[in-house]
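# Notes for the structure review
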Amino acid sequence: MKTSTKICVILTLMLLFICSTVFSQKTSSADVSSIATGIVERLDSDVVLTDSQKVVILEHAKTLAVKSQNTRSMANTDAVLLQRKSDVQEYKKALDAILTDEQKEALIKKRDERREAIVKKYTLSKELK
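Residues numbered from 1 in each chain as written. Predicted model: local features only at pLDDT ≥ 70, side-chain atom pairs only at ≥ 80, totals over all residues. Heavy atoms only, no water.

### Details of the confidence of the model for the protein
In this model, the protein carries a mean pLDDT of 84, and residues with pLDDT of at least 70 account for 81%. Mean pLDDT per element in the protein: helix α1 (residues 2–46) is the minimum at 73, and helix α2 (residues 51–70) is the maximum at 93. (pLDDT = per-residue confidence, 0-100. Helix = DSSP H or I, 4+ residues; strand = E, 2+ residues; numbered from the N terminus.)

### Here we look at the side chain of Asp87
Mapped onto the elements, Asp87 comes out in helix α3 (residues 77–98). One buried charged residue, Asp87, forms no salt bridge at all, with the nearest opposite charge on Lys67 at 4.4 Å. (Buried < 20%, exposed > 50% of the residue type's maximum accessible area, 1.4 Å probe, protein only. Lys, Arg positive; Asp, Glu negative; His and termini not counted. Salt bridge = Lys/Arg side-chain N within 4 Å of Asp/Glu carboxyl O.)

### Some points on the packing of α2 against α3
Look at α2 against α3: their axes get within 10 Å of each other, and the N-to-C directions meet at 175°. The angle between α2 and α3 places the two elements in the roughly antiparallel class. Packed against α2, whose contacting residues are Gln53, Val56, Ile57, His60, Ala61, Leu64, Lys67 and Ser68, the element α3 presents Arg84, Asp87, Val88, Glu90, Tyr91, Ala94, Leu95 and Ile98 at the interface. (Axes fitted to C-alpha atoms, helices over the stretch in contact; angles between N-to-C directions. Parallel < 35°, antiparallel > 145°, perpendicular 65-115°, else oblique. Contact = heavy atoms within 4.5 Å.)

### Observations concerning the layout of surface pockets
For the largest pocket, the calculated volume is near 250 Å³. Only α1, α3 and α4 (101–128) provide two or more residues apiece to the lining of the largest pocket. Residues belonging to the lining of the largest pocket are distributed by class as follows: six nonpolar, no polar and five charged. Contributing to the lining of the second largest pocket are Lys92, Leu95, Asp96, Leu99, Lys104, Leu107, Ile108, Arg111 and Arg115. (1 Å grid on protein atoms, 1.4 Å probe; cavity = no way out; pocket = protein on both sides within 12 Å on 5 of 7 lines; lining within 4 Å. Points joined across faces, edges and corners; volume = space filled by probe spheres on them. Nonpolar A, V, L, I, M, F, W, Y, C, P; charged D, E, K, R; others polar.)

### Re the environment of Glu90
Here Glu90 lies in helix α3. On a C-alpha basis, the gap between Glu90 and Leu64 in space is 8.6 Å, while along the polypeptide they are 26 residues apart.

### Topic: α2
Compared with the 28 Å implied by 1.5 Å per residue over 20 residues, the 29 Å span of α2 between its first and last C-alpha is a close match. When we look at burial in α2, the residues that qualify are Gln53, Ile57, Ala61, Leu64, Ala65 and Gln69. Projected down its long axis, α2 shows its buried positions confined to an angular sector of 125°, all on one face. Projecting away from the buried face of α2 at angles above 90 degrees are the exposed residues Ser52 and Val55. (Expected span 1.5 Å × (residues − 1). Arc of directions from axis to C-beta.)

### Considerations on α3
The end-to-end C-alpha distance of α3 is 31 Å, a good match for the 32 Å that 22 residues give at a rise of 1.5 Å each. Among all positions of α3, only Val80, Asp87, Tyr91, Ala94 and Leu95 are buried. With its buried residues spanning 100° around the axis, α3 presents them on a single face. In α3, those exposed residues whose orientation departs by more than 90 degrees from the buried face are Asp78, Leu81, Leu82, Lys85, Lys93 and Ala97. The opening residue of α3 is Asn76, an N-cap whose side-chain oxygen sits 3.1 Å from the backbone nitrogen of Asp78. (Polar contact = N/O pair within 3.5 Å; in protein donor to acceptor, adjacent residues only side chain to side chain.)

### Examining the pattern of salt bridges
It is possible for side chains bearing opposite charge to pair when their charged atoms get close. All chains considered together, the criterion is met by six salt bridges. Note that Lys54 and Asp44 form a salt bridge whose closest N and O atoms lie 3.3 Å from each other. With Lys54 in helix α2 and Asp44 in helix α1, the pair connects residues that are 10 residues apart, well separated along the chain. The exposure class assigned to Asp44 is partly exposed, which follows from its relative accessible area of 24%. Residues Lys104 and Asp96 are paired through a salt bridge, measuring 3.2 Å at the closest nitrogen-oxygen approach. Residue classification places Lys104 among the partly exposed residues on the basis of a relative accessible area of 23%.

Printed below as a string of C-alpha cells:
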C-alpha cells in the first residue's frame, strides 16, 4: 500500500508540474497581446491614430512586451534596468518614425499635462499635512 501511495503522489506532482508549465506558457502569449493592446489603446486615446498606424505600433508594442517579459528571468537588477531602458528607447525610436509631427506634439503636450497634474496632486497633499 505504501508503494502505491508514493507512486500516486509522485505521478500527481509530475502532472501538476506539467500542467503549470503548459498553462504558464499559454498565459504569457495572452499577456503579451493584452499588454500590447493596452499600449496602443492608451496611445490612441492620447493621439488619434490611423488604422495602419495602430497595426504597426501594435507589432512594436508586442516586441516590447516580449522583451520586457524576457528580462524577468534576469537576476541582476542593474542589468534588467539597462536592458529595459534600451528596449524602451528602441520602441520610442520606432514610434517616432511612425507618428506625424502633429501627433508627436500632441503626445508631448498630453504627457506634460499628466506630469503637471501629478506634481500638483502631490504638492497639494503635502501642504495639507
